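# Remarks on the overall topology
The lines below spell out each chain.
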Amino acid sequence: MAAKIFVLGSVNGKFESAFQKLATLHQKQNFAFAIVTGDLFTFDQDESSLSRLLDGEIQIPISTYFTIGTIPLPDRVVKLVEKGEDVCENLHFLGKRSITKTSDGVRIVVLGGALDKSIVGGQSNEQHLPLHTADDAKILRGANTADILLTTCWPAGLWSNSTKPPTLEQQATITSSDEIAELCATLKPRYHFAAAQGDFFYEREPFFHSPSNPESDQLPITRFISLAPYGNEAKAKAMYAFNLVPGEAPPSTIPPGSTASPFLPKTNPRKRPAPDGNHAGHDHRGGRHVRRKRERSPIFGPDKCFFCLSNTQVDTHMICCIGDDSYVTTAKGPLPSPDTFASSGLSFPGHQLIIPLPHEPTIRAMGQDADRTYKEMTRFKESMQAMVATESKFKLGTVTWEISRHNGIHVHWQFIPVPSDLIWKGLVEAGFKVEAENRQFPPFEELALESGIDETSDYFRVWIWADDSDTGIQSKELVMRLDEKTRFDLQFGRKVMAKLLNLENRTIWKDVAQPIAEETEDVEKFKEAFKPWDFTI
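Let me sum up the structure you'll find in this document. This structure is a prediction, so every number in the text was calculated from the model and none was measured.

### Re the side chain of Ser420
- One can find Ser420 in helix H8 (residues 420-424).
- Ser420 gets classed as buried once you look at its relative accessible area, which sits at 4%.
- If near-sequence neighbours (up to four positions away) are discounted, Ser420 is found in contact with Phe394, Lys395, Leu396, Gly397 and Ala466.

Here it is in structure tokens:
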């Protein structure tokens, strides 16, 4: 069912007239919700008007969403939003960086404020200041899709391919960035709203993106619109209404007057060839006819997933480094303690997670992004392997494992150092195989799945790696394919490693969770040790 949505340009403190206008139009049009672009408040905010708004004396007829614009939120508003409260009835702050799904099923991705280039790494944690970082934009790309993208800045290069660019005078007022362009190119939103800093309205021709799935003929279409401030002297258009059907598939035909996308994704990965028509939807392996599993959407979205950096509740102090398609964090409740490998040269646990930015249950489900994401995750793994070997003077190797299940939530890899002699003696490999046999799990096979893009089954995978600097590197990839009858233990990898490291008293992560100060200290020690191998710096 279509949702009718109302959008306002910057209100700039003119609450009473703006929301009265909304109320009048809502009586006739019955909007699902409203969005305010740009600034809701103003620098010289009238305290009397603000008090009437906060006290509920100014009626807001429907749920109305806003983000940060170009000025900070008033202190009184900051106190409310920091407590997680609405500003007043029906007025909801989306945060500066967020993913929201409305009750109508409309998915809104938000990045407010201007790019602060002085912050070379990390995210801006102050939700009420009008600045964001390059990493803020980067991690929102993990949202994958959006019905509506709401930003303060414009995307750089927007009017490329356009026959009606903004005037030179208008262009002089526009703040744009490559980061917003990359975000738009990745999410392929159906509507992209950005604030106008001058008294003008701009609507670009619709532009089409390449299909998200190379085997699809559906062409995602984006409509970019920038509304003038409400009540502007030039009487430029400051209000916009449209209908949107949540979840509607992109069209297979291009609307008249559309252009190609002015943006290109940061990389242009090679597309997978379409499968032969005789085998579409099936895989023939070893004479068996196996129907491909349909990848299901994750159980819940990125806004509630604690592996998604777009979740404002994520523990950002545990993030070590962020790449283009994945990131590394320390594990909460690490299996090793900070002292476990001290005699081998590591002053931190070394239990890391390598997490892809896309919110998908398997790497395969990432489609055209799968190979690129897998390669970067592998680069992180290999870089950390080199760091562990060097820092420990080759006393330590590593074990990394992955659980790939089509009904999972957010795939990731767990990485843990292990004494090299356990690997060279074959004890690590034996530990996994014996534990699997004892639990009557399927047997391990030595395989090289790489991204697993063509793998039809769920699986548990473990990489075992060691380097003694003399005889060379020992590396194995073991894969356990999981069928629908296998009741697999999600803690299997940790339990095996706990036995091998004689840390069974630390098997349950919640029992060994650390205070924030200790977690932060471990992160800083890891980052310092990893610096020579950190390709994201």
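### Quick word on the nonpolar core
- One finds Phe432, Phe444, Phe460, Val462, Met480, Phe492 and Met497 to be the most contacted residues of the largest nonpolar core, which totals 54 residues.
- Of the residues forming this core, the biggest block, 7 residues, is contributed by helix H7 (residues 370-391).
- In contact with Phe460, other than residues within four places in its own chain, are Trp401, Glu402, Ile403, Phe432, Phe444, Leu478, Val479, Met480, Leu482, Phe488, Phe492 and Gly493.
- Among the nonpolar cores identified, the runner-up in size contains 30 residues, and Phe19, Phe31, Leu50 and Val81 belong to it.

### Points about the packing of aromatic side chains
- In the structure shown here, the tally under the stated rule is 30 aromatic pairs.
- Arranged with centres 5.5 Å apart and planes meeting at 45°, the rings of Phe460 and Phe488 form a pair that is tilted. Remark: Phe488 occurs in the loop between strand S27 (473-482) and helix H10 (492-500) and Phe460 occurs in strand S26 (residues 458-467); sequence separation between them is 28 residues. Of the two residues, Phe460 and Phe488, both sit in the buried class.
- A connected cluster of aromatic rings, assembled from ring pairs, spans Phe432, Phe441, Phe444, Phe460, Phe488 and Phe492.
- The cationic tip of Arg379 hangs over the ring face of Phe535; the distance from NZ or CZ to the ring centre is 3.9 Å.

### Here we look at helix H1 (residues 15-29)
- If you check H1, its first and last C-alpha atoms are 20 Å apart, about what 15 residues at 1.5 Å a residue would give, namely 21 Å.
- Listed as buried for H1 are Phe15, Ala18, Phe19, Leu22, Ala23 and His26. Viewed end-on, H1 has its buried residues packed into an arc of 140°, placing them on one side of the element. More than 90 degrees from the buried face of H1, the exposed residues found are Gln27 and Lys28.
- Close packing links the buried residues of H1 with strand S1 (3-8), strand S2 (33-36), helix H2 (47-54), strand S3 (64-66) and strand S4 (91-93).
- Phi for Asn30, located one or two positions after H1, is positive at around 55°.

### Some details on the sheet that holds S3
- Reading across the sheet, the 5 strands line up as S4-S3-S2-S1-S16 and stay open at both edges, with mixed pairing between neighbours. The two strands at the open ends of the sheet, each matched to only one other strand, are S4 and strand S16 (239-244). Averaged over neighbouring strand pairs, the angle between their axes works out to 25° when direction is ignored.
- In this sheet, S4 lies alongside S3 in parallel orientation, the contact comprising 3 bridges. Along S4, the bridge assignment pairs Tyr65 with His92.

### Points about the packing of H2 against helix H3 (residues 75-82)
- Across the interface, H2 lies against H3 with an axial gap of 11 Å and an inter-helix angle of 25°. Classified by the interaxial angle, the pair formed by H2 and H3 is roughly parallel. Counting all contacts with H2, which are made through Glu47, Leu50, Ser51 and Leu54, the residues of H3 involved are Arg76, Val77 and Leu80.
- Classifying every residue of the contact of H2 with H3 by side-chain character gives 4 nonpolar, 1 polar and 2 charged.

The rules behind the values
- Starting afresh in each chain, residues are numbered from 1 along the sequence in its written order.
- Restriction of local features to residues with pLDDT of at least 70 applies here, the model being predicted, together with a cutoff of 80 or more for giving and counting side-chain atom pairs; totals for whole chains, interfaces and linings are based on all residues.
- The side-chain quantities take in all heavy atoms of the structure and omit both hydrogens and water.
- Helix and strand labels come from DSSP, where a helix needs a run of H or I of at least four residues and a strand needs a run of E of at least two; each type is numbered from the N terminus.
- Burial classes follow relative accessibility: with a 1.4 Å probe on protein chains only, a residue under 20% of its type's maximum area counts as buried, one over 50% as exposed, and anything between as partly exposed.
- By the convention used here, residues are in contact when the closest approach between their heavy atoms is within 4.5 Å.
- Among the buried residues, those of types Ala, Val, Leu, Ile, Met, Phe, Trp, Tyr and Cys that are joined through side-chain atoms within 4.5 Å form a nonpolar core.
- Each Phe, Tyr or Trp ring, with Trp reduced to its six-membered ring, pairs with another whose centre is within 6.5 Å; inter-plane angles below 30 degrees give stacked pairs, above 60 give edge-to-face pairs, and intermediate values give tilted ones.
- The rule is short: NZ of Lys or CZ of Arg within 6 Å of the ring centre and within 35 degrees of the ring normal puts a charge over the ring.
- Expected span of a helix, by definition, is 1.5 Å for each gap between consecutive residues, and there is one gap fewer than residues.
- Note that the arc is computed from the directions linking the helix axis to the C-beta atoms.
- We treat two strands as partners when DSSP finds at least two bridges between them.
- What counts as an axis is a line fitted to C-alpha atoms, over the stretch in contact for a helix, and the angles between N-to-C directions run from 0 to 180 degrees.
- Every angle not falling under 35 degrees, over 145, or within 65 to 115 is termed oblique; those three ranges are roughly parallel, roughly antiparallel and roughly perpendicular.
- Put simply, Ala, Val, Leu, Ile, Met, Phe, Trp, Tyr, Cys and Pro go in the nonpolar bin, Asp, Glu, Lys and Arg in the charged bin, and everything else, Gly too, in the polar bin.

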